[in-house]
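The primary structure of each chain is shown beneath.
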Amino acid sequence: MSDVSPETRAEIEQAGRGVARRIDPGARAMLIAVAIGAAVAALLLPWVAGTPGWQVLASGTAGPLPTLFSFTMTGFAVVVSAAALLTRLWALAWLAAFGCGISSVNGLWAIWSQQTGAGAGPGFGMVLGVLAVVLLTFVWAGAALQRD
C-alpha cells in the first residue's frame, strides 16, 4: 500500500476502526459472567419431569418448546455471550442482546407449555435459565448502547 496517499490510508483505517468497534462492559462484565454461569448451571438442573436441561438439549424428548429454549439458551446465553465477553466486539454484544431476548420469549413459552400440560410443571433449571437470559438481555443491551 505504498502507492496510496496518506489521506486515503487514514480514511481506510478510520473505516476499519468503525467496523471493528469494541465495547467496554466495565463492571457489567462480572454480572455477565455470573449470568453465563447461571445459564450453564440451569442446563445441569431439572427442566421437565426431572430431566436435566442438557438431556433436553441432547435428546429433544421434552417437547418442542423446551427443546427450542434449550437450543436458544445454549447458543445465545452461553456461546455468543461468552464470545462477546472475550472479544468485546460491539456486533457480538448486539447479537447476544438480541438472541437472549428471543431466548427469553422462548423460555417463557417453554414454562407456559409445562404449566398448561398434565405434567408437574417446569423444573427449577428451566426457571433459572429464563432468569439468566432475561438478565443477559438487558445487560448486553446496556453494554452495546454504551458510548465510548
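Right above here is the structure, for reference.
Notes on the structure in this doc start here. (Residues numbered from 1 in each chain as written. Predicted model: local features only at pLDDT ≥ 70, side-chain atom pairs only at ≥ 80, totals over all residues. Heavy atoms only, no water.)

## Focus on the overall build of the chain
In terms of regular secondary structure, the chain is built from 6 helices and 2 strands. Along the chain, helices (α) and strands (β) appear in the sequence α-α-β-β-α-α-α-α when read from the amino end. A globule of 148 residues ought to have a C-alpha radius of gyration of about 15 Å, yet the chain, at 19 Å, is considerably larger. Dimensions of the chain, computed from C-alpha atoms along their principal axes, come out at roughly 70 × 30 × 20 Å. Accessible surface, the chain: about 8000 Å² in total, of which carbon and sulfur atoms supply 71%. (Helix = DSSP H or I, 4+ residues; strand = E, 2+ residues; numbered from the N terminus. Rg over C-alpha atoms; globule rule 2.2 N^0.38 Å. Areas by Shrake-Rupley, 256 points an atom, 1.4 Å probe, with all protein chains shown as cover.)

## Thoughts on the pattern of salt bridges
Under the defined criterion, the tally for this structure stands at 1 salt bridge. Across the salt bridge formed by Arg88 and Asp24, the nearest N and O atoms sit 3.6 Å from each other. Of this pair, Arg88 sits in the loop between α4 (64–87) and α5 (90–116) while Asp24 is found in the loop between α1 (6–19) and α2 (28–44), placing the two residues 64 residues apart along the sequence. Judged by its relative accessible area of 44%, Asp24 falls in the partly exposed class. (Salt bridge = Lys/Arg side-chain N within 4 Å of Asp/Glu carboxyl O. Buried < 20%, exposed > 50% of the residue type's maximum accessible area, 1.4 Å probe, protein only.)

## Details of unusual backbone geometry
The backbone phi angle of Ala49 is positive, close to 50°, even though this residue is not glycine. As for its position among the elements, Ala49 is in the loop between β1 (46–48) and β2 (51–52). What makes Ala49 exposed here is its relative accessible area of 75%.

## Here we look at a nonpolar patch on the surface
Nonpolar side chains collect at one region of the surface, where Trp90, Trp94 and Leu145 lie side by side and expose about 290 Å² of accessible area between them. Mapped onto the secondary structure, Trp90 falls in helix α5. (Patch = residues over 30% accessible without salt bridge, like charges linked within 9 Å, V, L, I, M, F, W, Y side chains within 5 Å.)

## A few points about the packing of aromatic side chains
Aromatic ring pairs are defined here through the distance separating the ring centres and the angle between the ring planes. Scanning the model with the defined rule gives 2 aromatic pairs in all. On the basis of an interplanar angle of 25° and a centroid distance of 5.3 Å, the ring pair of Trp47 and Phe69 is categorised as stacked. Remark: Phe69 occurs in helix α4 and Trp47 occurs in strand β1; sequence separation between them is 22 residues. Assigned by exposure class, Trp47 and Phe69 land together as buried. (Phe/Tyr/Trp six-rings, centres within 6.5 Å; stacked < 30°, edge-to-face > 60°.)

## Here's the deal with the nonpolar core
By size, the foremost hydrophobic cluster in this structure holds 34 residues, and its most contacted members are Trp47, Phe69, Met73, Leu136 and Trp140. When contributions to this core are tallied by element, the ones reaching two or more residues are α2, β1, α4, α5 and α6 (124–145). Take this core: its biggest share by element is 10 residues, from α6. Once residues lying within four places of it in the same chain are set aside, the contact partners of Met73 are Ala39, Ala42, Leu43, Trp47, Val78, Ser103, Gly129 and Val133. (Core = buried A, V, L, I, M, F, W, Y, C linked by side-chain atoms within 4.5 Å. Contact = heavy atoms within 4.5 Å.)

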